[in-house]
Amino acid sequence: MKGLKKFFLNKKLILLFGILVLASAAFLSICVGPSGIGFADKTIIRYVRLPRTLACIFAGAGLSVSGAILQRVLANKLASPGIIGVNAGAGFGITVGYVLGAASGILYSVSAFAGAVLAVFAITLAAYKARAAKTTVILGGVAVNAILNAATEAITVLNNDARIMNADFRVGGFSAVSYVRLVPAAVMILVALAVVFTLLNDLDVISMGDETARGLGMNVRRTKNIFLVLASLLAGASVSFAGLLGFIGLIIPHFVRRVCGGNGKTLITASAIFGAAFLTVSDLAARVIFAPFELPVGIIMAAVGGPVFIALLIHKKGGHAND
Amino acid sequence: MIELKNVYAGYGKKEILKKINFAPETGKITGIIGPNGCGKSTLLKTIVGLADVVGGEILVGGKNKEELSSSQIAREVAYLPQSKTTPDMTVEQIVLHGRFPHLDYPRRYKKEDFEIAKQAIKMMGLYDIKDRYLAELSGGQKQKTYIAMALCQSSPVILMDEPTTYLDIAHQIKLCGIIKELADMEKTVVTVLHDLPLAMRICDSLCVMQNGEIMFSGSPDEAVSSGVIEQVFEIKMRKLDGEYIYEY
């Protein structure tokens, strides 16, 4: 029995399972829509369903990996781009960029990234200056989140053109996704993921604590800053086309650590796969459950992910260290 | 080889170490002892760059530390801090990260790194538990894992900050054996210790600190006979069957 359990908890099998779920969900996402099931209408597939499916994959992977990085670098399992204000920073950046004329393309993604970087460095600078405890960093992030959301609201109220912060954007959704917004952001996510995959050993060493990391020859502050920029890039680029999807960056890294263990290689690879799979499945559900009406995917994710997350926290048996 | 010449150091504007001259011998165990807050840990942190040097000169491997990168310092000096986290990794994964200072682009460990890690794991008697997560291990096994990581670093100098903390007496004795083995491997071992009889027993040389200054350097016998132990700790020690004990 124990051997059977060990077999099913094999990391490679779990990753393979994630890939299969992702591939199946992506296939269904391309097949299924309000206009019917199948591949008949190539225009709809090419310009509606395919970009939407790709958007789910990129945003799911980007936000989950961003959350995994933030949790490691800030040494706090509550850190996620949605909670500490990175997503809100991206939303603020997009709104400011929108007012200044960056309504789409690379400038749109760059303004999201700039806002995310602004948020993450505001938090870390304040934490560093105050030599803050782990919990204080999160509370500071919550404050930054509120400030940036309020600033975005103020701009939206004062400037009628900045209508980007609509309900779909706030909750997160893919109903209006297009190649124009997706492609530059996807390139940014791919580049950031490629860099993260070259720094997996650095991510492990960071988790040993600042003093041990320094003893191993790491320039800790510089390395952490690099990771924070990468996390901002992943979250900012994702928010630019997916809206403020807040939940995924928190729960997927938790889920991955629980079922696969958490060295850098496993954590990042599995977070990318399961994040993409979870978002694609959630988006499919958002389109299908109340068809022909469609829910913003953020609602589905919160409805499914919330209870799952609470269940994970309650049933700690079988988890790994530092959960 | 490390040498500190007239070093002043601390954290920010707070100066803790004053006029430190320190040169531990190769292949010997040097113990740093002193009351709480005297600067023992800061001395080790200063060597690896975790404290700010205000004045003086630190030589690492014969070169001025200021001219060396963090990785170059780590190739010469391994440092085991007192407080260590319990990362979500197996023994083997942690020990392998001892090769981190030797990593070069594309930042992947090579076959020889895995081989060196394997040797370090075997040397510390951790081979049977190499696939277990650190959180599943006892305090002694965790400490041995971190020492194996330091061994894997292949540095001639190993600094340990209170390595016996949280260990029961049986594990303390085992750890002392490991520290002696490191010195036998011609490593320069510098360790901060709180337990004076233990320090007297395992160290070849003692460095007694008080208020950020080194009050005495020499053998344990010389430390006791000079009266510096009594002066700094306000206790007396005497020898019984070749071992120092507290005199009540």
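Everything below is about the structure shown above.
Scope of this entry: the structure provided in the associated data block. (Residues numbered from 1 in each chain as written. Chains lettered and ligands numbered in written order. Predicted model: local features only at pLDDT ≥ 70, side-chain atom pairs only at ≥ 80, totals over all residues. Heavy atoms only, no water.)

**Some thoughts on the environment of P184(A)**
All names here are of chain A. Following the sequence through the fold, P184 ends up in helix 8 (residues 179-198). Sequence separation between P184 and A237 is 53 residues; the distance between their C-alpha atoms is 8.3 Å. Aside from chain neighbours lying at most four places away, what touches P184 is G105, I106, S109 and Y179. (Helix = DSSP H or I, 4+ residues; strand = E, 2+ residues; numbered from the N terminus. Contact = heavy atoms within 4.5 Å.)

**Points about the packing of aromatic side chains**
A complete count under the given rule lists two aromatic pairs over all chains for this structure. On the basis of an interplanar angle of 80° and a centroid distance of 6.4 Å, the ring pair of Y47(A) and Y179(A) is categorised as edge-to-face. Linking Y47(A) in helix 3 (residues 42-73) with Y179(A) in helix 8, this pair joins segments that are 132 residues apart in sequence. For the ring pair F255(A) and F274(A), a centre distance of 5.3 Å and an interplane angle of 70° mean the geometry is edge-to-face. Taken together, the residues span a long stretch of sequence, with F255(A) in helix 12 (residues 248-260) and F274(A) in helix 13 (residues 264-288) at a distance of 19 residues. The ring of Y146(B) has K84(B) lying over it, and the distance from NZ or CZ to the ring centre is 5.7 Å. When the ring centre of Y127(B) is taken as reference, the NZ or CZ atom of K122(B) above it lies at 5.5 Å. (Phe/Tyr/Trp six-rings, centres within 6.5 Å; stacked < 30°, edge-to-face > 60°. Lys NZ or Arg CZ within 6 Å of the ring centre and 35° of its normal.)

**Observations concerning the pattern of salt bridges**
Within this structure, the stated rule accounts for eleven salt bridges over all chains. Of the charged contacts in the structure, one is a salt bridge between K45(B) and E211(A), with a shortest N-O distance of 2.9 Å. Taken together, the positions of K45(B) in helix 1 (residues 40-48) and E211(A) in helix 10 (residues 210-215) put the pair across two chains. One salt-bridge network, held together by shared partners, links R52(A), D283(A) and R287(A). (Salt bridge = Lys/Arg side-chain N within 4 Å of Asp/Glu carboxyl O.)

**Things to note about the side chain of K65(B)**
All names here are of chain B. By secondary structure assignment, the location of K65 is in the loop between strand 5 (63-64) and helix 2 (70-76). Buried charge K65 goes without a salt bridge, the closest partner of opposite sign being E66 at 4.4 Å. Contacts of K65, omitting those with residues within four sequence positions, involve T46, I47, V48, G49, I58, V60 and I73. (Buried < 20%, exposed > 50% of the residue type's maximum accessible area, 1.4 Å probe, protein only. Lys, Arg positive; Asp, Glu negative; His and termini not counted.)

**Some words on the interface of chain A and chain B**
On the chain B side, the residues contacting the 29 residues of chain A number 31 residues. Together, the buried faces of chain A and chain B total about 2,500 Å²; carbon and sulfur atoms form 53% of this surface. Taken together, the links from chain A to chain B amount to two salt bridges. For the pair chain A and chain B, the interface holds ten residue pairs in polar contact (both at pLDDT 80 or more). Contributions of two or more residues to the side of chain A that touches chain B are made by helix 8, helix 9 (200-206), helix 10 and helix 12 of chain A. Among the elements that line the side of chain A that touches chain B, the one with the most residues is helix 9 of chain A, at five residues. Looking at the side of chain A that touches chain B residue by residue, the classes come out as nine nonpolar, 13 polar and seven charged. (Buried area = accessible area lost by both parts, 1.4 Å probe. Polar contact = N/O pair within 3.5 Å; in protein donor to acceptor, adjacent residues only side chain to side chain. Nonpolar A, V, L, I, M, F, W, Y, C, P; charged D, E, K, R; others polar.)

**Considering unusual backbone geometry**
Of note, A75(A) is a non-glycine position whose phi angle comes to about 50°, a positive value. Tracing the chain through its elements places A75(A) in the loop between helix 3 and helix 4 (86-99). Given the relative accessible area of 37%, A75(A) is considered partly exposed. We note that D241(B) has phi near 55°; this positive angle belongs to a residue other than glycine. Mapped onto the secondary structure, D241(B) falls in the loop between strand 11 (236-240) and strand 12 (243-247).

**So, the packing of helix 5 (residues 139-152) of chain B against helix 6 (residues 169-184) of chain B**
All names here are of chain B. For the pair helix 5 and helix 6, interaxial distance at closest approach is 11 Å and the crossing angle is 10°. Judged on the interaxial angle alone, helix 6 and helix 5 are roughly parallel. Note on element contacts: helix 6 touches helix 5 through H171, L175, I178 and L182, opposite G140, Q143, K144, I147 and L151. The class makeup of the residues in the contact of helix 5 with helix 6 is five nonpolar, three polar and one charged. (Axes fitted to C-alpha atoms, helices over the stretch in contact; angles between N-to-C directions. Parallel < 35°, antiparallel > 145°, perpendicular 65-115°, else oblique.)

**Details of the environment of E181(B)**
Within the secondary structure, E181(B) is located in helix 6. For the pair E181(B) and V60(B), spaced 121 residues apart in sequence, the C-alpha to C-alpha distance is 23 Å.

**Comments concerning the pairing of strand 10 (residues 213-218) of chain B**
Across five bridges, the pairing between strand 9 (residues 205-210) of chain B and strand 10 of chain B is antiparallel. Residue pairing for strand 10 of chain B: L206(B) is matched across the bridge by G218(B). (Pairing = 2+ DSSP bridges.)

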